[in-house]
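# An overview of the molecular structure
Here is how the chains run, residue by residue.
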Amino acid sequence: MIATRSVGKIVRNKTQHLFNTKHSCNNACNSAAANMILPGDGLVAQSPNPGQSIGFSFSPGGLLLPYHMGVADCLIKEKYIDPSKTVIAGSSAGSIAAMAIGVGIDPIQGLEGTIAISDRCLNDGKSARGNLLPLLEEQMESLVGPDEFEFLMARRQDQNGNDKKTGTGVALAYREVFPQRKSHFQTKFEDREDLLRSVGYSCMFPFFTTNFPCILDFDPVLKNDGKRLPVPRLLMDGYFSLPRPQFGCPILEDVFPDSGVERTVAITCIPQEYFGMDEVFPRNSKEDNNLISINDACGDGKPLSTADIFRIATQPTSRKELTDLFERGYRDAEDWCRREEDNRRRRQTKQKPKASTS
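These figures come from a predicted structure and were not determined experimentally.

### Some words on the layout of surface pockets
One simple way to see leftover space: roll a probe sized like a water molecule over the atoms. The volume enclosed by the largest pocket comes to roughly 760 Å³. In terms of lining residues, the largest pocket is bounded by 29 residues, among which Tyr174, His184, Gln186, Arg228 and Arg233 are the most central. Elements that contribute at least two residues to the lining of the largest pocket include exactly β3 (170–178), β4 (182–186), α8 (192–202) and α9 (219–222). Considering every element that reaches the lining of the largest pocket, the biggest residue donor is β4, with five residues. Class assignment of the residues belonging to the lining of the largest pocket gives a composition of ten nonpolar, six polar and 13 charged.

Structure representation (C-alpha coordinates):
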(Lines give C-alpha, C1' and ligand atoms only; values in the text may rest on other atoms or scores of the structure.)
Protein backbone atom coordinates (compact mmCIF):
# COMPACT_ATOMS: atom_id res chain seq x y z
CA MET A 1 0.00 0.00 0.00
CA ILE A 2 1.45 3.40 -0.98
CA ALA A 3 0.64 5.82 1.81
CA THR A 4 0.30 9.48 0.89
CA ARG A 5 2.82 11.54 2.84
CA SER A 6 2.84 15.17 3.91
CA VAL A 7 5.60 15.98 1.47
CA GLY A 8 6.05 19.56 2.62
CA LYS A 9 6.64 18.38 6.19
CA ILE A 10 9.21 15.83 5.00
CA VAL A 11 11.11 18.52 3.09
CA ARG A 12 11.01 20.98 5.99
CA ASN A 13 12.20 18.39 8.53
CA LYS A 14 15.01 17.10 6.33
CA THR A 15 16.09 20.61 5.35
CA GLN A 16 16.18 21.70 9.00
CA HIS A 17 18.31 18.64 9.82
CA LEU A 18 20.79 19.55 7.10
CA PHE A 19 20.96 23.16 8.31
CA ASN A 20 21.57 22.00 11.89
CA THR A 21 24.43 19.73 10.81
CA LYS A 22 25.87 21.99 8.10
CA HIS A 23 29.66 22.45 8.10
CA SER A 24 31.89 24.74 6.14
CA CYS A 25 32.98 23.68 2.63
CA ASN A 26 36.37 22.73 4.06
CA ASN A 27 34.72 20.11 6.24
CA ALA A 28 31.98 19.07 3.76
CA CYS A 29 33.79 16.04 2.39
CA ASN A 30 34.47 14.72 5.90
CA SER A 31 30.91 15.25 7.16
CA ALA A 32 28.93 14.31 4.03
CA ALA A 33 28.81 10.63 4.95
CA ALA A 34 26.37 11.54 7.71
CA ASN A 35 23.84 12.42 5.02
CA MET A 36 24.48 9.44 2.77
CA ILE A 37 21.91 6.75 2.07
CA LEU A 38 23.93 3.68 2.91
CA PRO A 39 23.06 -0.01 2.48
CA GLY A 40 21.46 -1.41 5.58
CA ASP A 41 20.10 1.89 6.93
CA GLY A 42 16.50 0.84 6.30
CA LEU A 43 15.98 2.92 3.16
CA VAL A 44 17.22 0.42 0.59
CA ALA A 45 15.94 -3.07 -0.13
CA GLN A 46 15.21 -5.50 -2.90
CA SER A 47 12.77 -4.51 -5.61
CA PRO A 48 9.16 -4.93 -4.49
CA ASN A 49 8.62 -6.87 -7.74
CA PRO A 50 10.83 -9.96 -7.42
CA GLY A 51 12.26 -11.15 -10.73
CA GLN A 52 11.59 -7.83 -12.46
CA SER A 53 14.44 -5.34 -12.70
CA ILE A 54 13.59 -1.71 -13.43
CA GLY A 55 16.09 0.94 -14.49
CA PHE A 56 15.45 4.68 -14.29
CA SER A 57 16.47 7.43 -16.74
CA PHE A 58 16.35 11.13 -15.83
CA SER A 59 15.80 13.87 -18.43
CA PRO A 60 17.49 17.26 -18.94
CA GLY A 61 15.85 20.26 -17.28
CA GLY A 62 18.26 22.97 -16.13
CA LEU A 63 17.25 24.40 -12.75
CA LEU A 64 14.24 22.07 -12.63
CA LEU A 65 16.61 19.55 -11.01
CA PRO A 66 14.69 19.55 -7.66
CA TYR A 67 11.82 17.80 -9.43
CA HIS A 68 14.14 14.86 -10.18
CA MET A 69 15.38 14.82 -6.61
CA GLY A 70 11.81 14.68 -5.28
CA VAL A 71 11.06 11.72 -7.56
CA ALA A 72 14.26 10.02 -6.38
CA ASP A 73 13.40 10.61 -2.73
CA CYS A 74 10.04 8.85 -3.13
CA LEU A 75 11.37 5.95 -5.23
CA ILE A 76 14.12 5.30 -2.69
CA LYS A 77 11.66 5.36 0.21
CA GLU A 78 9.28 3.05 -1.64
CA LYS A 79 12.23 0.73 -2.41
CA TYR A 80 12.02 0.92 -6.18
CA ILE A 81 15.50 2.46 -6.27
CA ASP A 82 18.31 0.86 -4.33
CA PRO A 83 21.14 3.43 -4.36
CA SER A 84 23.72 0.64 -4.14
CA LYS A 85 22.67 -1.29 -7.25
CA THR A 86 19.72 0.02 -9.33
CA VAL A 87 20.84 0.96 -12.86
CA ILE A 88 20.19 4.67 -13.40
CA ALA A 89 21.06 7.12 -16.15
CA GLY A 90 20.61 10.75 -17.03
CA SER A 91 21.41 13.63 -19.33
CA SER A 92 22.23 17.19 -18.31
CA ALA A 93 20.24 17.91 -15.11
CA GLY A 94 19.30 14.23 -15.19
CA SER A 95 22.97 13.27 -15.00
CA ILE A 96 23.26 15.27 -11.77
CA ALA A 97 20.31 13.33 -10.35
CA ALA A 98 21.78 9.99 -11.46
CA MET A 99 25.17 10.89 -9.99
CA ALA A 100 23.62 12.04 -6.71
CA ILE A 101 21.73 8.76 -6.32
CA GLY A 102 24.79 6.76 -7.34
CA VAL A 103 27.08 8.34 -4.75
CA GLY A 104 24.47 7.82 -2.03
CA ILE A 105 23.73 11.38 -0.97
CA ASP A 106 20.30 12.32 0.35
CA PRO A 107 18.09 13.74 -2.45
CA ILE A 108 17.30 16.76 -0.29
CA GLN A 109 20.92 17.81 -0.80
CA GLY A 110 20.24 18.07 -4.51
CA LEU A 111 17.45 20.49 -3.68
CA GLU A 112 19.69 22.50 -1.37
CA GLY A 113 22.47 22.56 -3.97
CA THR A 114 20.09 23.96 -6.58
CA ILE A 115 18.86 26.59 -4.12
CA ALA A 116 22.47 27.56 -3.41
CA ILE A 117 23.18 28.00 -7.13
CA SER A 118 20.02 30.06 -7.63
CA ASP A 119 20.73 32.22 -4.56
CA ARG A 120 24.28 32.81 -5.75
CA CYS A 121 23.01 34.11 -9.11
CA LEU A 122 20.43 36.35 -7.42
CA ASN A 123 22.88 37.72 -4.85
CA ASP A 124 25.56 38.42 -7.46
CA GLY A 125 23.07 39.94 -9.88
CA LYS A 126 23.92 37.32 -12.51
CA SER A 127 21.71 35.42 -14.91
CA ALA A 128 21.84 31.63 -14.94
CA ARG A 129 22.83 31.61 -18.60
CA GLY A 130 26.57 31.35 -18.98
CA ASN A 131 27.25 30.83 -15.25
CA LEU A 132 25.76 27.46 -14.32
CA LEU A 133 28.71 25.14 -14.98
CA PRO A 134 31.21 26.77 -12.58
CA LEU A 135 28.50 27.05 -9.91
CA LEU A 136 27.60 23.38 -10.43
CA GLU A 137 31.26 22.44 -10.07
CA GLU A 138 31.41 24.27 -6.72
CA GLN A 139 28.40 22.35 -5.41
CA MET A 140 29.73 18.99 -6.59
CA GLU A 141 33.10 19.68 -4.97
CA SER A 142 31.41 20.33 -1.62
CA LEU A 143 28.93 17.43 -1.76
CA VAL A 144 30.82 14.60 -3.46
CA GLY A 145 33.82 13.65 -1.37
CA PRO A 146 35.99 10.52 -1.09
CA ASP A 147 33.34 8.60 0.88
CA GLU A 148 30.69 9.27 -1.74
CA PHE A 149 33.01 8.28 -4.58
CA GLU A 150 33.89 5.06 -2.73
CA PHE A 151 30.17 4.31 -2.41
CA LEU A 152 29.80 4.74 -6.18
CA MET A 153 32.75 2.49 -6.99
CA ALA A 154 31.32 -0.27 -4.76
CA ARG A 155 28.01 -0.31 -6.68
CA ARG A 156 26.96 -3.56 -8.35
CA GLN A 157 30.10 -5.40 -7.29
CA ASP A 158 28.02 -8.53 -6.72
CA GLN A 159 26.51 -8.46 -10.22
CA ASN A 160 27.26 -10.68 -13.22
CA GLY A 161 31.02 -10.62 -13.82
CA ASN A 162 30.46 -10.82 -17.56
CA ASP A 163 28.68 -7.45 -17.58
CA LYS A 164 31.64 -5.12 -18.00
CA LYS A 165 29.79 -2.43 -19.93
CA THR A 166 27.37 -1.44 -17.17
CA GLY A 167 30.21 -0.64 -14.77
CA THR A 168 28.95 1.24 -11.73
CA GLY A 169 25.40 1.18 -13.08
CA VAL A 170 25.34 4.99 -13.19
CA ALA A 171 25.32 6.09 -16.84
CA LEU A 172 26.05 9.73 -17.69
CA ALA A 173 25.08 10.63 -21.26
CA TYR A 174 26.89 13.19 -23.42
CA ARG A 175 27.61 13.75 -27.10
CA GLU A 176 31.00 13.91 -28.79
CA VAL A 177 30.97 16.05 -31.94
CA PHE A 178 34.72 15.97 -32.76
CA PRO A 179 36.84 14.10 -33.68
CA GLN A 180 34.07 11.47 -33.65
CA ARG A 181 30.33 11.96 -33.88
CA LYS A 182 29.41 9.61 -31.08
CA SER A 183 27.09 9.33 -28.09
CA HIS A 184 28.68 8.30 -24.80
CA PHE A 185 27.00 6.63 -21.83
CA GLN A 186 29.83 6.64 -19.33
CA THR A 187 29.57 4.19 -16.42
CA LYS A 188 33.22 3.87 -15.36
CA PHE A 189 35.21 6.59 -13.65
CA GLU A 190 38.93 6.61 -12.98
CA ASP A 191 38.64 8.89 -9.96
CA ARG A 192 36.42 11.49 -8.33
CA GLU A 193 37.61 14.20 -10.70
CA ASP A 194 36.71 12.02 -13.70
CA LEU A 195 33.18 11.62 -12.31
CA LEU A 196 32.69 15.35 -11.81
CA ARG A 197 34.10 16.14 -15.26
CA SER A 198 31.71 13.66 -16.84
CA VAL A 199 28.72 15.31 -15.16
CA GLY A 200 30.00 18.61 -16.54
CA TYR A 201 30.19 17.14 -20.05
CA SER A 202 26.59 15.95 -19.78
CA CYS A 203 25.47 19.42 -18.64
CA MET A 204 27.19 21.35 -21.45
CA PHE A 205 24.16 22.87 -23.19
CA PRO A 206 25.37 25.30 -25.90
CA PHE A 207 25.41 28.97 -24.85
CA PHE A 208 23.46 28.23 -21.67
CA THR A 209 25.56 26.31 -19.16
CA THR A 210 28.53 28.41 -20.29
CA ASN A 211 28.93 31.05 -22.97
CA PHE A 212 30.44 28.52 -25.37
CA PRO A 213 28.89 26.00 -27.80
CA CYS A 214 30.75 22.98 -26.38
CA ILE A 215 33.39 21.92 -23.90
CA LEU A 216 36.97 20.88 -24.66
CA ASP A 217 38.28 17.60 -23.23
CA PHE A 218 42.09 17.53 -23.36
CA ASP A 219 42.46 14.03 -21.90
CA PRO A 220 43.19 12.44 -25.30
CA VAL A 221 46.17 14.79 -25.56
CA LEU A 222 47.40 14.62 -21.97
CA LYS A 223 46.74 10.91 -21.47
CA ASN A 224 47.20 9.44 -24.92
CA ASP A 225 46.81 5.68 -24.66
CA GLY A 226 47.26 5.06 -28.37
CA LYS A 227 43.62 3.97 -28.74
CA ARG A 228 42.33 7.34 -29.89
CA LEU A 229 43.59 10.38 -31.77
CA PRO A 230 45.75 12.71 -29.64
CA VAL A 231 43.48 15.70 -30.24
CA PRO A 232 40.97 17.37 -27.87
CA ARG A 233 37.39 16.16 -27.94
CA LEU A 234 34.51 18.59 -28.40
CA LEU A 235 31.61 17.52 -26.18
CA MET A 236 28.01 18.63 -25.76
CA ASP A 237 24.99 18.12 -23.51
CA GLY A 238 23.47 14.67 -23.09
CA TYR A 239 20.25 15.90 -24.67
CA PHE A 240 21.98 15.58 -28.06
CA SER A 241 23.01 11.97 -27.45
CA LEU A 242 19.57 10.47 -28.18
CA PRO A 243 16.57 10.93 -30.50
CA ARG A 244 14.15 13.73 -29.56
CA PRO A 245 11.30 11.44 -28.31
CA GLN A 246 13.64 10.02 -25.67
CA PHE A 247 14.50 13.52 -24.41
CA GLY A 248 17.91 12.49 -23.13
CA CYS A 249 16.67 9.30 -21.41
CA PRO A 250 18.61 6.17 -22.42
CA ILE A 251 16.63 2.95 -22.81
CA LEU A 252 18.77 0.95 -20.43
CA GLU A 253 17.89 -2.56 -21.58
CA ASP A 254 19.07 -1.56 -25.08
CA VAL A 255 22.23 0.32 -24.09
CA PHE A 256 23.23 -2.21 -21.41
CA PRO A 257 21.73 -5.55 -22.49
CA ASP A 258 23.61 -7.56 -19.84
CA SER A 259 22.68 -5.31 -16.93
CA GLY A 260 19.61 -7.29 -15.90
CA VAL A 261 17.32 -4.33 -16.60
CA GLU A 262 14.08 -5.52 -18.16
CA ARG A 263 12.36 -2.14 -18.53
CA THR A 264 13.24 1.52 -18.28
CA VAL A 265 11.15 4.16 -16.55
CA ALA A 266 11.86 7.69 -17.80
CA ILE A 267 11.51 10.70 -15.51
CA THR A 268 11.05 14.11 -17.14
CA CYS A 269 10.81 17.51 -15.45
CA ILE A 270 9.43 19.10 -18.65
CA PRO A 271 6.00 17.85 -19.79
CA GLN A 272 6.52 14.73 -21.87
CA GLU A 273 3.98 15.74 -24.52
CA TYR A 274 6.41 18.33 -25.90
CA PHE A 275 8.64 15.47 -27.05
CA GLY A 276 6.21 12.60 -27.56
CA MET A 277 7.95 10.55 -24.90
CA ASP A 278 4.96 8.29 -24.25
CA GLU A 279 5.54 6.76 -27.70
CA VAL A 280 8.87 5.43 -26.41
CA PHE A 281 7.98 5.05 -22.72
CA PRO A 282 4.27 4.03 -22.66
CA ARG A 283 2.31 4.63 -19.49
CA ASN A 284 -1.10 4.83 -17.84
CA SER A 285 -2.33 1.53 -19.21
CA LYS A 286 -3.09 -1.73 -17.46
CA GLU A 287 0.24 -3.10 -18.67
CA ASP A 288 2.63 -0.17 -19.12
CA ASN A 289 3.89 2.26 -16.50
CA ASN A 290 7.17 3.54 -17.88
CA LEU A 291 7.02 7.32 -17.51
CA ILE A 292 6.91 9.92 -14.73
CA SER A 293 6.26 13.43 -16.06
CA ILE A 294 5.83 16.76 -14.30
CA ASN A 295 2.19 17.74 -13.62
CA ASP A 296 1.19 14.05 -13.58
CA ALA A 297 -0.36 14.13 -10.11
CA CYS A 298 -1.52 17.66 -9.42
CA GLY A 299 -4.76 16.50 -7.82
CA ASP A 300 -6.38 19.58 -6.35
CA GLY A 301 -3.14 21.50 -6.84
CA LYS A 302 -2.44 23.82 -9.71
CA PRO A 303 -0.27 22.45 -12.55
CA LEU A 304 2.75 24.50 -13.49
CA SER A 305 2.21 26.52 -16.65
CA THR A 306 4.53 26.16 -19.62
CA ALA A 307 5.79 29.69 -19.02
CA ASP A 308 6.63 28.92 -15.38
CA ILE A 309 8.34 25.63 -16.23
CA PHE A 310 10.69 27.23 -18.74
CA ARG A 311 11.25 30.29 -16.53
CA ILE A 312 12.33 28.14 -13.58
CA ALA A 313 14.45 25.92 -15.84
CA THR A 314 16.46 28.87 -17.15
CA GLN A 315 16.39 31.58 -14.47
CA PRO A 316 17.28 31.77 -10.77
CA THR A 317 14.23 31.72 -8.52
CA SER A 318 13.14 31.44 -4.89
CA ARG A 319 13.61 28.67 -2.36
CA LYS A 320 9.81 28.39 -2.25
CA GLU A 321 9.46 27.61 -5.96
CA LEU A 322 12.36 25.15 -5.97
CA THR A 323 11.01 23.36 -2.88
CA ASP A 324 7.61 23.20 -4.57
CA LEU A 325 9.30 21.44 -7.51
CA PHE A 326 10.77 18.84 -5.13
CA GLU A 327 7.33 18.25 -3.64
CA ARG A 328 5.72 17.94 -7.08
CA GLY A 329 8.31 15.32 -8.02
CA TYR A 330 7.59 13.38 -4.86
CA ARG A 331 3.84 13.42 -5.51
CA ASP A 332 4.23 12.38 -9.16
CA ALA A 333 6.44 9.50 -8.07
CA GLU A 334 3.86 8.43 -5.49
CA ASP A 335 1.28 8.38 -8.26
CA TRP A 336 3.61 6.17 -10.36
CA CYS A 337 4.08 3.83 -7.38
CA ARG A 338 0.32 3.44 -7.02
CA ARG A 339 -0.04 2.55 -10.70
CA GLU A 340 2.83 0.12 -10.40
CA GLU A 341 1.25 -1.58 -7.41
CA ASP A 342 -2.14 -1.77 -9.18
CA ASN A 343 -0.51 -3.33 -12.26
CA ARG A 344 1.38 -5.82 -10.12
CA ARG A 345 -1.81 -6.93 -8.35
CA ARG A 346 -3.56 -7.21 -11.70
CA ARG A 347 -0.80 -9.46 -13.06
CA GLN A 348 -0.90 -11.61 -9.94
CA THR A 349 -4.66 -12.03 -10.30
CA LYS A 350 -4.25 -13.16 -13.91
CA GLN A 351 -1.59 -15.67 -12.92
CA LYS A 352 -3.71 -17.33 -10.21
CA PRO A 353 -5.14 -20.65 -11.40
CA LYS A 354 -8.91 -20.73 -11.56
CA ALA A 355 -10.61 -23.07 -9.14
CA SER A 356 -11.78 -26.24 -10.87
CA THR A 357 -15.48 -27.01 -10.88
CA SER A 358 -16.69 -30.57 -10.84
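Let's pick the thread back up.
### Section: the confidence of the model for the chain
Averaged over all residues, the pLDDT of the chain is 85; the fraction at 70 or higher stands at 81%. Considering only residues more than four positions removed or in separate chains, one finds that residues 17–34, a stretch of pLDDT under 50, has 21 contacts. Within the model, the stretch residues 37–51 combines pLDDT values under 50 with 35 contacts to residues more than four positions away or in other chains.

### Considerations on the state of the cysteines
On inspection of all chains with the given rule, the structure shows zero disulfides. The thiol of cysteine 249 is not disulfide-bonded; the next cysteine sulfur, from cysteine 269, is found 9.0 Å away. A relative accessible area of 0% places cysteine 249 in the buried class.

How each quantity is defined
- Counting from 1, residues in each chain are numbered in the order their sequence is written.
- Note on the predicted model: pLDDT of at least 70 is required for a residue's local features to be given, and 80 or more for side-chain atom pairs to be given and counted; whole-chain, interface and lining totals, by contrast, use all residues.
- Only hydrogens and water are set aside; all other atoms, that is, all heavy atoms of the structure, feed into the side-chain values.
- Detection works on a 1 Å grid of protein atoms alone, calling trapped sets that fit a 1.4 Å probe cavities and calling open sets with protein on both sides within 12 Å along at least five of seven lines pockets, with lining residues defined by an atom within 4 Å of a point.
- Grid points are joined across faces, edges and corners, and a volume is the space filled by probe spheres set on the points.
- A run of H or I in DSSP becomes a helix once it reaches four residues, and a run of E becomes a strand once it reaches two; helices and strands are each numbered from the N terminus.
- Nonpolar residues are Ala, Val, Leu, Ile, Met, Phe, Trp, Tyr, Cys and Pro. Charged residues are Asp, Glu, Lys and Arg, and all others, Gly as well, are polar.
- Scored from 0 to 100, pLDDT records how confident the predictor is in each individual residue.
- A contact between two residues is defined here by any heavy atoms of the two lying within 4.5 Å.
- When two cysteine sulfur atoms lie within 2.5 Å, the pair is treated as a disulfide.
- We call a residue buried when its accessible area falls under 20% of the maximum for its residue type, exposed when it is over 50%, and partly exposed in between, using a 1.4 Å probe and counting protein chains only.

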